[in-house]
Amino acid sequence: MQFRNPEIFYGLLLLLIPILVHLFQLRRFVKVPFTNVAFLKEIQLKTRKSSKLKKWLVLSLRCLALAALVTAFAQPFLSEQTEDQQEDEYVFYLDNSFSMTARDQQGTLLSKSVQDLYDNPPLSGSFKWFTNDNDFNTETEVDFRNSLLEIGPSYKQYSYKEILLKASGLFSKADTRKRLILLSDFQVNGFGALDSLAEIDIQAVKLETPSRANVSIDTAYVQSNISGGAVLKVSLSASVRNSTNYPVSLWQGETLAAKSAVSFDQNLKQEVEFPIDLNTPFLGRLSVNDQELEFDNELYFAIGKNTAIKVMSINQADEAFLDKLFSAGDFELTHFNYNAADYNAILQQNVVVLNELERVPASLATALARFKEEGGMIIIIPSAKADLSDYTTLLQRLEAGTLSEPINQERKLNTINFDHPLFSAVFSNTVSNFQYPTVYTFFDLSSGGNDPLSLEGGNPFLVQFQNVYVFGAPLSSPHSNFKESPLIVPTFYNMGRSALPLPILYYEIGKNQQIGLATALDEDQIVSLKGVDQDFIPLQQRYANKVVLTTETDPAIQGHYFALNNADTLAVIPYNNSRKEADLQHYSTSDLTGITLYNSVDDMLLKMKQQGEQRPLWQWFVILAVLFLIAEMAVLRFLK
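Residues numbered from 1 in each chain as written. Predicted model: local features only at pLDDT ≥ 70, side-chain atom pairs only at ≥ 80, totals over all residues. Heavy atoms only, no water.

## Describing the packing of aromatic side chains
Applied cut-off: The rule is short: rings of Phe, Tyr and Trp, with Trp giving its six-membered ring, pair when the centres are within 6.5 Å, and they are stacked under 30 degrees, edge-to-face over 60, tilted in between. Every helix listed is a DSSP run of H or I at least four residues long, and every strand listed is a run of E at least two residues long, numbered separately from the N terminus. Burial classes: relative accessible area under 20% of the type maximum marks a residue as buried, over 50% as exposed, and values in between as partly exposed (1.4 Å probe, protein chains only). A positively charged side chain is recorded as over a ring if its NZ (Lys) or CZ (Arg) lies within 6 Å of the ring centre. The angle to the ring normal must also be within 35 degrees.
Taken as a whole and assessed by the stated rule, the structure comprises 19 aromatic pairs. Note on Phe536 and Tyr561: the rings are 6.1 Å apart at their centroids and 65 degrees apart in plane angle, and the pair reads as edge-to-face. Of this pair, Phe536 sits in strand β29 (residues 535-536) while Tyr561 sits in strand β32 (residues 559-565); the two residues are 25 residues apart in sequence, bridging distant segments of the chain. This pair shows no difference in class: Phe536 is buried, exactly as Tyr561 is. Through successive ring pairs, a cluster of aromatic residues spans Phe321, Phe326, Phe331, Phe461, Phe471, Phe482, Phe492 and Tyr493. The ring of Tyr118 has Arg145 sitting right over it, with the charged end atom 5.2 Å from the ring centre.

Here it is as structure tokens:
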């Protein structure tokens, strides 16, 4: 037996009152003279004995009645606890990721779970619980129900390991039996590898729908066709084969621009094409008619006016190869001879290339240092006759390492850092049979720690120090044949593109994205992103001729977002949900070892009620107190 209010037992001190009254109630018997003294003494003795017995009996009944009444106020109960008598402590996790929007005839998995919890709040609503994007600590059923009404689908998804770590932080430090309740569909892509924590008892409701036939728009990209025009290629996938024709629509704003259809009776992946004009701004939206999961039924994209990245090359060697690498359209390339360069124009550029200069004047080093501070990209190709004193001064001002004496030795460029941003999107996998270029003269560079290209023996060929790239060898013949290697194209192109990360076709929500806008802002001006359902101000870094926006946690809703400077629209930036949860693969019950599973939310709530069931006993103690009082009155009335 346990008590809700054990402090009430201090009220038992009130038992002293009737005891003290009894002890100090000294009733004196009056002596009355009578002739037969012996007879009266016998009567007096008998009366005193029966009076003491009656008083002690009344005292006992009064004390028992008072003790029963105090015990009733302490609210005794019987609890379904195990032998260790630990109290249960619960933390709930409600999965609100996009996969929980899978639906059947009764609605989505998420909406049904919310409704079940709303109708029957566990533990009277007093417990800690969390979703993928919010934490709650509700105290009452009203608080719990109000919090449930705020729950909606989220692009965020905790892995199973993250859920356990999150729950561990929410449990108290007290010696309680910790029970974690999971309400989820246990999608493989979202949960990742399963894990466990010995100190937590994990229970779960595995939610699922009868159908798993989902169709998703995976991606879209622009490709030139054989006639010289452009087409928008749309990739779609299905989770199961079926012969249904799914309409695919292309919208320009709110106007239907084109329509097609796909079926997945033969393959789980299909493509459709739509002709598109790249010379006209296009706010596009792709949609497919599928009712299983709706978060992946639309894909937003934008084709805007092309902004050329400004590149300035200062040359003391042949510059023709740069014309091919920084082609018109994507780049605006300007050449200067080393002895006629306009240093005042450097701050107006996005990229500056030093093409095998033998000397670096102090005025040029000063202009480049200022250019670097303003976020400009610098590419340094040293000359075989480089003045090491000038280059040392330049690299020190740019904080870009050091350059040693030239080494005349043949080396293969045989190491590509496939994880470096320059090449991460170029190669689909590691290449082993690549035709690597050769260098015959190189400098021993200090490494930047994450070198894109390296030579045999580990010497860096290309190093990066923030927004400064330094080559370790001249690129002109006879010092190197790097210009003839296909590797030169993605190397220079991606270095140039990284100087101003212009808006692309679309971005993915939840990832760290950097977006460059070719505009100059005053100190008191900011760029905001405005969508149909959400407005926010992203992190932004202002430079002399550009602004770089950084987004990650926002936006949370897919759609077109207008980059605004006051009332001026600088760009349109589309965001889309990740397609990771479109693959409806879930863990089976046999995979969820070490987890107590329930068939439904109702079954789980019923079991919780039984585990924490408490049978109150205070009514019995009230009845007992009443019985003791009745017995006391009976003794006073009938016991002579």
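## As for the pairing of strand β16 (residues 298-303)
For clarity, the threshold we go by: Should DSSP find at least two bridges between two strands, the strands are taken to pair.
Counting buried positions along β16 gives five out of six residues, so the element sits mostly inside the fold. Examined bridge by bridge, strand β15 (residues 282-288) and β16 share six bridges and lie antiparallel to one another. Across the sheet, the residue bridging to Leu286 is Leu299, located in β16.

## Overview of the sheet that holds β15
Filter applied, for reference: Helix axes are fitted to C-alpha atoms over the stretch in contact, other axes to C-alpha atoms as well, and angles between N-to-C directions run from 0 to 180 degrees.
Spatially, the four strands line up as an open sheet ordered β13-β12-β15-β16, and their pairing is antiparallel. Edge strands, defined here as strands with exactly one partner in the open sheet, are β13 (255-264) and β16. Across the sheet, the axes of successive neighbouring strands diverge by a mean angle of 20 degrees, strand direction being ignored. Where strand β12 (residues 242-252) and β13 come together, eight bridges link them in antiparallel fashion. When the bridges of β13 are listed, Pro247 appears paired with Ala261.

## Points about the pattern of salt bridges
The line we're drawing: The salt bridge criterion pairs a side-chain nitrogen of Lys or Arg with a carboxyl oxygen of Asp or Glu, the two atoms within 4 Å.
Summed over the entire model, instances satisfying the criterion amount to 11 salt bridges. A salt bridge links Arg359 to Asp387; the nearest nitrogen and oxygen atoms lie 3.2 Å apart. Of this pair, Arg359 sits in the loop between β19 (351-357) and α8 (362-373) while Asp387 sits in the loop between β20 (377-382) and α9 (388-398), and the two are 28 residues apart along the sequence. Residues Glu374 and Arg370 are paired through a salt bridge, measuring 3.7 Å at the closest nitrogen-oxygen approach. For Glu374, a relative accessible area of 21% puts it in the partly exposed group. According to the relative accessible area criterion, Arg370 is partly exposed, its value standing at 43%. Here the salt bridges share partners, and the residues they tie into one network are Arg359, Asp387 and Asp390.

## Thoughts on the nonpolar core
A general feature of soluble globular proteins is that nonpolar side chains tend to end up buried together. Defined as follows: For the purposes of this section, nonpolar cores are sets of buried Ala, Val, Leu, Ile, Met, Phe, Trp, Tyr and Cys residues that join through side-chain atoms within 4.5 Å. Contacts are residue-level and defined by heavy atoms, with any inter-residue pair within 4.5 Å sufficient.
If you look at the biggest cluster of nonpolar residues, it comprises 44 residues, and the most contacted ones within it are Leu183 and Met604. If you tally residues by element for this core, the top one is helix α3 (residues 109-119), at four residues. Beyond its immediate stretch of four places on either side in the chain, Met604 contacts Phe92, Ile181, Leu183, Val205 and Tyr598. Residues Phe326, Phe331, Tyr436 and Leu455 belong to the second largest nonpolar core, which totals 35 residues.

## Considerations on empty space enclosed by the protein
Quick note on the threshold: Points on a 1 Å grid over protein atoms alone make up a cavity when a 1.4 Å probe fits among them but cannot get out, and a pocket when they form an open set with protein on both sides within 12 Å along at least five of seven lines; lining residues each have an atom within 4 Å of a point. Grid points are joined across faces, edges and corners, and a volume is the space filled by probe spheres set on the points.
If you walk through the whole model with that rule in mind, you get three cavities of 30 Å³ or more. The computed volume of the largest cavity comes to approximately 80 Å³. Around the largest cavity, the lining is made up of 13 residues, and of these Ala102, Glu208, Thr209, Arg212 and His586 lie nearest the centre.

## Side note on α3
Under the convention used in this document: Arc, as used here, means the arc of the directions from the helix axis to the C-beta atoms.
If you check which residues of α3 are buried, you get Leu109, Leu110, Ser113, Val114 and Leu117. Along the long axis of α3, the arc covered by the buried residues comes to 130 degrees, so they all point the same way.

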